[in-house]
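# Structural features, examined
What follows is the residue order along each chain.
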Amino acid sequence: MEKEHLLGKTWEELQTITSEAGMPRFATKQIASWLYAKRVTAIEDMSNLSLRHRELLAQRYDVGREAPVQAHRSVDGTIKYLFKVGADFVETVYIPDHDRATLCVSSQVGCKMNCSFCMTGKQGFCRNLTSAEIINQILSVEDSDKLTNLVFMGMGEPFDNLDEVMKALSILTSEWGFAWSPKRITVSTIGHLKGIRRFLDESRCHLAVSLHAPSREERLQIMPVEKAYPIADILDLLRQYDFSHQRRLSFEYILFSGYNDSLRHADALARLLQGVECRVNLIRFHAIPGVNLKSSDPRSMEAFRDRLNSRGIVATIRASRGEDIFAACGMLSTAEKENK
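Described below are features of the structure shown in this document. Residue positions within a chain follow its written sequence, with the count starting from 1. Reporting in this predicted model follows two pLDDT cut-offs: at least 70 for local features of residues, and 80 or more for side-chain atom pairs to be given and counted; totals over whole chains, interfaces and linings ignore these cut-offs and use all residues. Each side-chain value is derived from all of the structure's non-hydrogen atoms; neither hydrogens nor water enter the calculation.

## Notes on the overall build of the protein chain
Secondary structure follows DSSP: runs of H or I at least 4 residues long count as helices, runs of E at least 2 residues long count as strands, and numbering of each begins at the N terminus. The number of helices and strands found in the protein chain is 12 helices and 14 strands. Across its three principal directions, the C-alpha atoms of the protein chain cover 70 × 45 × 40 Å. Exposure is judged per residue with a 1.4 Å probe applied to protein chains only, and the accessible area is read against the type maximum: over 50% gives exposed, under 20% gives buried, and values in between give partly exposed. In the protein chain, which comprises 340 residues, the proportion classed as buried is 53%. Considering only intrachain contacts with a sequence separation of at least 6, the fraction spanning at least 24 residues in the protein chain is 67%. In this description, contact between two residues means that some pair of their heavy atoms is separated by no more than 4.5 Å.

Below is the structure:
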């Protein structure tokens, strides 16, 4: 019988497990500490549990840690990891930057959203990752203990896997879990309205919204989800929340040459975001096979950034990382899937 993973369990779920096993109430705290603070890889190493209780747990459960099957290292220090999840693969990217170390994690195998510029979307949707598979990415990369920031910007739409992502966020930010500050975590979405509302109501983590065009028509051409989640509705919802203090709101904007990178587009974007406390991250496009879109040149990107800043919208150009190691999201997992 396949064993159930302890990793990814919430406090309440661990309480149920210890209660059903006839273990003392304080065993919940002990197990949580072994999983998330001490980062143990086997139940037998939970030394402050009695041998009988460890054997009882091991009959039904394992920890659930799995090492990555590949690690591709870039000349700039970025490392792209490939994790095997069942018969499929997902990517996780470690990005060192001076005194910061950011990990980009995946939330799904494939994606339903089918954005035209995204290799993950071209895989189609396979399944959601469990909270155990999400947390395993964080614990099983090299230098996991050196991470300063976490972004849910890997494969998949996090809010299309809302329950498991929220479980993972609870584990990451709770005192009994990783005890991280929510300010260390950013979750990115294409604008899933139900997910945004629940996330903002139940979490204090940062939010990033993938925008990529200032008009409904242009966004719809490259992001089919604009039909279900119009950017106008997304902004109406976001204006109901306060982003002026602890929590940050940002918009992701990939610049495509001749498509959305003109000063006219910058002006339209500034008008769209007027009155919203936010920043805009401008991103250079990493080309993927079969897509005609091309990256904007550096001069156009700088002009776009400067125009937004002059209109009162804080805008920065995100440094491009890892281009020599299947940089675009989904490329490594797609290649591995095709090899298999």
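## Re the nonpolar core
Where a protein is soluble and globular, its nonpolar side chains tend to be buried together. Only buried residues count toward a nonpolar core. Its members are Ala, Val, Leu, Ile, Met, Phe, Trp, Tyr and Cys residues joined through side-chain atoms within 4.5 Å. Of all hydrophobic cores here, the largest spans 101 residues; its most connected members are Leu238 and Phe251. Take this core: its biggest share by element is 7 residues, from helix H6 (residues 162-173). With residues near it in sequence (within four places) discarded, leucine 238 still touches Ile196, Leu200, Leu207, Val209, Phe243, Leu249 and Phe251.

## A short note on the environment of serine 188
Along the chain, serine 188 falls in strand E10 (residues 185-189). For the pair serine 188 and glutamate 175, spaced 13 residues apart in sequence, the C-alpha to C-alpha distance is 24 Å. Not counting the four nearest positions on each side in its chain, serine 188 is found in contact with Phe152, Met153, Glu157, Pro158, Ala208, Ser210 and Glu252.

## Quick notes on the packing of aromatic side chains
Only the six-membered ring of Trp is used, alongside the rings of Phe and Tyr, when aromatic pairs are assigned; centres must lie within 6.5 Å, and planes under 30 degrees apart are stacked while those over 60 apart are edge-to-face, with the rest tilted. Counted by the stated rule, this structure contains 8 aromatic pairs. Note on tyrosine 36 and phenylalanine 178: the rings are 5.9 Å apart at their centroids and 35 degrees apart in plane angle, and the pair reads as tilted. Residue tyrosine 36 is located in helix H2 (residues 27-37), and its partner phenylalanine 178 is located in the loop between H6 and E10; the two are separated by 142 residues in the primary sequence. Using a relative accessible area of 1% as the deciding quantity, one classes tyrosine 36 as buried. Through a chain of ring-to-ring contacts, three or more aromatic side chains come together here, namely Trp11, Tyr36, Trp176, Phe178 and Trp180. Sitting above the plane of the tryptophan 34 ring, lysine 38 keeps its charged end 4.0 Å from the centroid. Consider the ring centre and the ring normal. A charge sits over the ring if Lys NZ or Arg CZ is within 6 Å of that centre and within 35 degrees of that normal.

## With respect to the packing of H6 against helix H7 (residues 193-202)
In the contact formed by H6 and H7, the axes pass within 11 Å of each other and the chain directions differ by 20 degrees. In terms of their interaxial angle, H6 and H7 are classed as roughly parallel. Crossing of H6 over H7 shows right-handed handedness. Every residue of H7 that contacts H6 at Leu162, Asp163, Met166 and Leu169 is listed here: Gly195, Arg198, Phe199 and Glu202. All amino acids are sorted into three groups, where Ala, Val, Leu, Ile, Met, Phe, Trp, Tyr, Cys and Pro are nonpolar, Asp, Glu, Lys and Arg are charged, and the leftover types, Gly among them, are polar. A breakdown of the residues in the contact of H6 with H7 according to their chemical character gives 4 nonpolar, 1 polar and 3 charged. Convention adopted: a line fitted to C-alpha atoms gives each axis, helices being fitted over their contacting stretch, and angles between N-to-C directions are expressed from 0 to 180 degrees. For classification purposes, an angle smaller than 35 degrees is called roughly parallel, one larger than 145 roughly antiparallel, one from 65 to 115 roughly perpendicular, and anything else oblique. Crossing handedness follows the turn of the near helix against the far one: under a right angle anticlockwise gives a left-handed crossing, and clockwise gives a right-handed one.

## Comments concerning the environment of methionine 301
Relative to the helices and strands, methionine 301 resides in helix H11 (residues 298-310). Take methionine 301: its relative accessible area is 3%, and that puts it in the buried class. Measuring from C-alpha to C-alpha, the distance between methionine 301 and leucine 282 comes to 7.6 Å, with 19 residues separating the pair along the chain. Not counting the four nearest positions on each side in its chain, methionine 301 is found in contact with Leu255, Leu282, Ile283, Arg284, Ser296 and Ile317.

## A few points about the sheet that holds E10
A pair of strands is treated as paired once DSSP finds two or more bridges between them. Across the sheet, 10 strands lie side by side as E3-E4-E5-E6-E9-E10-E11-E12-E13-E14; this open sheet has mixed pairing. Each having just a single partner strand, strand E3 (70-73) and strand E14 (314-317) make up the two edges of the open sheet. The sheet shows a mean angle of 20 degrees between the axes of neighbouring strands, taken without regard to direction. Two elements, strand E5 (residues 88-97) and strand E6 (residues 100-104), share 5 bridges in a ladder whose sense is antiparallel. Residue pairing across strands places valine 93 opposite cysteine 104, the latter belonging to E6.

## Remarks on the pairing of E5
By the criterion of burial, E5 is predominantly enclosed, with 7 of the 10 residues buried. In this structure, strand E4 (residues 79-85) lies alongside E5, joined through 7 bridges in antiparallel fashion. If you follow isoleucine 79 over to E5, its bridge partner there is tyrosine 94. The hairpin formed by E4 and E5 contains 2 residues between the paired strands, and glycine 86 there has a positive phi angle of roughly 65 degrees. Remark: 2 residues form the turn of the hairpin made by E5 and E6, two consecutive strands paired antiparallel; histidine 98 in that turn has positive phi of roughly 55 degrees.

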